[in-house]
Amino acid sequence: MERRPGIAYHRPEGDPSRFVIEAAGESRLDAPERPDGGWLDCVAGEDRDRLREALDDGPVDVVYRVAADGKPQWVHERGRTTDGGDVVGYLFLADERVERRKRLERQRERLEEFASVVSHDLRNPLSVAVGNVELAAELDGEASTERLERTLDALDRMDDLIGDLLTLAREGKTVDAAEPADLRSVVERAWRTAGEPAGAALAIDGSLGTIRCDPDRVRQGLENLFRNAIEHGAPDADAPDTVAPGSRAERDDARRESDDAAVRVRVGRTDEGFYVADDGPGIDSDQLEAVFEPGYTTAPDGTGFGLAIVERIAAAHEWSVSVTESREGGARFEFRCGDSIEAAGASESESEPNSPRLSDGGKR
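Everything numeric here is computed off the predicted structure, so don't read it as measured data.

> I'm lost on the pairing of strand β1 (residues 7–11) in this one. Help?
Two faces, one strand: in a regular strand the side chains alternate between the faces of the sheet. Within β1, five of the five residues are buried, which leaves it mostly tucked inside the rest of the structure. The alternating pattern of β1 places I7, Y9 and R11 and A8 and H10 on opposite faces, both of which are buried. Pairing analysis gives five bridges linking β1 to strand β5 (residues 87–93), with the strands arranged antiparallel. In the strand pairing of β5, R11 is matched with V87.

> It is not clear to me how the state of the cysteines should be interpreted in this structure. Could you clarify?
Two cysteines form a disulfide when their sulfur atoms are joined by a covalent bond. Within this structure, the stated rule accounts for zero disulfides. Cysteine C337 is unpaired, with the sulfur of C213 as its nearest cysteine sulfur at 8.7 Å.

> When you look at a negative patch on the surface in this model, what are you seeing that I'm missing?
Among the surface-exposed residues, E149, D153, D156 and D159 lie close enough to one another that they form a single negatively charged patch. By the secondary structure assignment, E149 is in helix α3 (residues 141–171). Residue E149 is classed as partly exposed on the basis of its relative accessible area, which comes to 46%.

> Which parts of the structure should I look at to understand the sheet that holds strand β10 (residues 273–278)?
Remark on secondary structure: sheet strands pair via backbone hydrogen bonds, oriented parallel or antiparallel. Judged by pairing direction, the sheet is mixed, and its five strands sit side by side in the order β7-β9-β10-β12-β11 without closing on themselves. Since the sheet does not close on itself, it has two edges, and those belong to β7 (200–205) and β11 (320–325), each with one partner. Each neighbouring strand pair of the sheet contributes to a mean axis angle of 15°, computed without reference to strand direction. Where β7 lies against strand β9 (residues 263–269), six bridges are found, and the strand directions are parallel. The partner of D205 across the bridge, within β9, is G268.

> I'm lost on the environment of G14 in this one. Help?
Structurally, the position occupied by G14 is in the loop between β1 and β2 (20–24). For G14, a relative accessible area of 16% translates into the label buried. In the structure, G14 is positioned 73 residues away from V87 in sequence and 5.0 Å away in space, judged by C-alpha atoms.

> Where do I start with the packing of helix α4 (residues 183–193) against helix α5 (residues 215–232) in this structure?
Working note: a packed helix pair is described by the angle between its axes plus the distance between those axes. Two numbers describe how α4 lies on α5: the axes approach to 8 Å, and their chain directions differ by 50°. The pairing of α4 with α5 is recorded here as oblique in orientation. Both α4 and α5 take part in a crossing whose hand is right-handed. Facing α4, whose interface residues are V186, V187, R189, A190, W191 and T193, α5 presents P215, V218, R219, L222, E223, F226 and I230. Partitioned by chemical class, the residues of the contact of α4 with α5 number nine nonpolar, one polar and three charged.

> Got a minute to help me understand the side chain of T151 in this structure?
The topology assignment puts T151 in helix α3. Judged by relative accessible area, which is 7%, T151 ranks as buried. Residue contacts for T151: discarding those within four places in its chain leaves A129, N132 and V133.

> Is there a simple way to explain the packing of α5 against helix α7 (residues 306–316) in this structure?
Running from N to C, α5 and α7 point in directions that differ by 150°, and their axes come no closer than 9 Å. By the criterion of interaxial angle, the relationship of α5 to α7 is roughly antiparallel. Taken as a pair, α5 and α7 cross one another with a handedness that is left-handed. Counted together, R217, V218, Q220, G221, N224, L225 and N228 of α5 and G306, L307, I309, V310 and I313 of α7 form the full contact between these two elements.

> Teacher, can you tell me more about the sheet that holds β2 here?
Spatially, β2-β1-β5-β4-β3 is the arrangement adopted by the five strands of the open sheet, whose pairing is antiparallel. At either margin of the open sheet sits one strand with a lone partner, and together these are β2 and β3 (60–66). Strand-to-strand, the axes of this sheet are offset by a mean angle of 25°, without reference to chain direction. Where helix α1 (residues 48–57) meets the sheet, its contacts fall on β1, β3, β4 (73–81) and β5, and the angle it forms with β3 comes to roughly 160°.

> What's the story with the packing of aromatic side chains in this structure? I'm lost.
The relative placement of two aromatic rings is captured by the distance of their centres and the angle of their planes. For the structure shown, the criterion picks out six aromatic pairs. Summarising the aromatic geometry, the rings of Y9 and F19 are spaced 5.0 Å apart at their centres and angled 20° between planes, so their arrangement reads as stacked. In this pair, Y9 is assigned in strand β1 and F19 in the loop between β1 and β2, connecting sequence segments ten residues apart. The exposure class assigned to F19 is buried, which follows from its relative accessible area of 0%. Each ring, one from W191 and one from F226, has its centre 5.2 Å from the other, and the planes form 75°; the classification is edge-to-face. Here W191, found in helix α4, pairs with F226, found in helix α5; they are 35 residues apart in sequence, far enough to count as distant. One exposure class covers both W191 and F226, and it is buried. Counting every residue linked through ring pairs, the aromatic cluster contains Y9, F19 and W39. The ring of Y275 has R332 lying over it, and the distance from NZ or CZ to the ring centre is 4.3 Å.

> Could you clarify how one ought to interpret α7 in this entry?
Every α-helical turn comprises 3.6 residues, leaving residues that sit three or four positions apart pointing alike. Within α7, the full set of buried residues consists of G306, L307, A308, I309, V310, I313 and A314. Just downstream of α7, E318 is the residue with a positive phi angle, here 65°.

> What exactly am I supposed to notice about the nonpolar core here?
If you look at soluble globular proteins, the nonpolar side chains tend to sit buried side by side. Within the largest apolar cluster, 38 residues are counted, with the highest numbers of intra-cluster contacts made by F226, F274 and F335. No other element matches the six residues that α5 contributes to this core. Beyond its immediate stretch of four places on either side in the chain, F226 contacts V187, A190, W191, A194, L202, V265, V267 and V276. V43, A54, V60 and V87 belong to the second largest nonpolar core, which has 20 residues in total.

Reading the values: rules and limits
- Every chain is numbered on its own, with residues counted from 1 as its sequence reads.
- At least 70 in pLDDT is required for a residue's local features to be given in this predicted model, at least 80 for side-chain atom pairs to be given and counted, and no such filter applies to totals for whole chains, interfaces and linings, which use all residues.
- Hydrogen atoms and water are omitted, and side-chain values are computed over all heavy atoms in the structure.
- When a residue's accessible area, from a 1.4 Å probe over protein chains only, is under 20% of the maximum for its type it is buried; when over 50% it is exposed; and in between it is partly exposed.
- A run of H or I in DSSP counts as a helix once it spans at least four residues, and a run of E counts as a strand once it spans at least two, with each numbered from the N terminus.
- At least two DSSP bridges between two strands are needed for those strands to be called paired.
- Note on terminology: pairs of cysteine sulfur atoms within 2.5 Å are recorded as disulfides.
- Surface patches are drawn from residues lacking salt bridges whose relative accessible area is over 30%; two like charges belong together within 9 Å, two nonpolar side chains (Val, Leu, Ile, Met, Phe, Trp, Tyr) within 5 Å.
- A 1.4 Å probe and the Shrake-Rupley method give the accessible areas. Residues count as covered only by the protein chains that appear here.
- Just to be clear on terms, a salt bridge is a Lys or Arg side-chain nitrogen sitting within 4 Å of an Asp or Glu carboxyl oxygen.
- Asp and Glu are treated as the negative residues and Lys and Arg as the positive ones, with His and the ends of the chain left uncounted.
- Taken as the charge centre is NZ of Lys, CZ of Arg, CG of Asp or CD of Glu, depending on the residue.
- Helix axes are fitted to C-alpha atoms over the stretch in contact, other axes to C-alpha atoms as well, and angles between N-to-C directions run from 0 to 180 degrees.
- Here roughly perpendicular refers to angles of 65 to 115 degrees, roughly parallel to angles under 35, roughly antiparallel to angles over 145, and oblique to all remaining angles.
- Crossing chirality is assigned from the near helix's rotation relative to the far helix, an anticlockwise turn below a right angle marking it left-handed and a clockwise turn marking it right-handed.
- In this analysis, two residues are considered to be in contact whenever any of their non-hydrogen atoms come within 4.5 Å of each other.
- Here the term charged refers only to Asp, Glu, Lys and Arg, the term nonpolar to Ala, Val, Leu, Ile, Met, Phe, Trp, Tyr, Cys and Pro, and the term polar to all other amino acids, Gly among them.
- Pairing of aromatic rings covers Phe, Tyr and the six-membered ring of Trp, with a centre-to-centre limit of 6.5 Å; geometry is then stacked below 30 degrees between planes, edge-to-face above 60, and tilted otherwise.
- Counting as a charge over the ring demands two things of the Lys NZ or Arg CZ atom: a distance within 6 Å of the ring centre and an angle within 35 degrees of the ring normal.
- Note on terminology: a nonpolar core comprises buried Ala, Val, Leu, Ile, Met, Phe, Trp, Tyr and Cys residues joined through side-chain atoms within 4.5 Å.

Set out below in structure tokens:
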């Protein structure tokens, strides 16, 4: 094993949480001794799995960040497993070459991910713009003007997305500073940007209230949910209408083209946040956890990033999002927003926190 200045150590039984110093020869490295556990608490959270894997695979040759009382330092750990199962080796400061290599690897991973996200998020407003230009060419007067105005809105949205995503790539941000926003307005803007397709209808169930968020990022997440519902949700023409006469959903017909819609998307409040549901074909029960994984898609031409983006936007707000089956057998995405959303008592919604009791929920 290479001999160089550093800290000679051993890990009893190869336990990544235990670190016993045998000799300290690197004065610039102040590593905390943890003979009874706690070493992983000093390791950067995103580096812990890498350290565990290195100790499991052996021989150990891994670079990670560790901190005692001050700023985290990059360290290089090299060791081997003894016949008795302990890991013995040296810990020393990572040299500039190793640190630079790790930094470049992380930057490359982020750039690859952002390239995929950008291509996914720009596709939606681009398709809206193209579709409206084609329709405008076939129409006259105010009808043509309206389509061109929608095209300009979609192009403006593309410009916003490019700016936001470039900022995100440069600064590592996921959301800007949160501010109180009217959730219904955010939902309606997202629906308009999604294209308001003739074969789909939006129903907003009562008052959605005020939510503290980054409105642009939440709108981006809702756009992905709406497009996902529209692209997957074309129920059979003979499917019965399950909206109860006289219900709030029926009274909200001003927001949708009711019975003729190929797919209905519904947004409402819950006790802990809000939900988005639709009446498409639904998601198989064994795939409910997989849908948020980057790359997961059931569409031949899908990128598989839409729902992953939704989950990351929620996580950036310190919310959680889950998917379950709606009353009609489709998909229901539930956002739990904690203190970000006003008390449920301020909402007029008839919705419930659990999907089996959803009175007007959708089917996907």
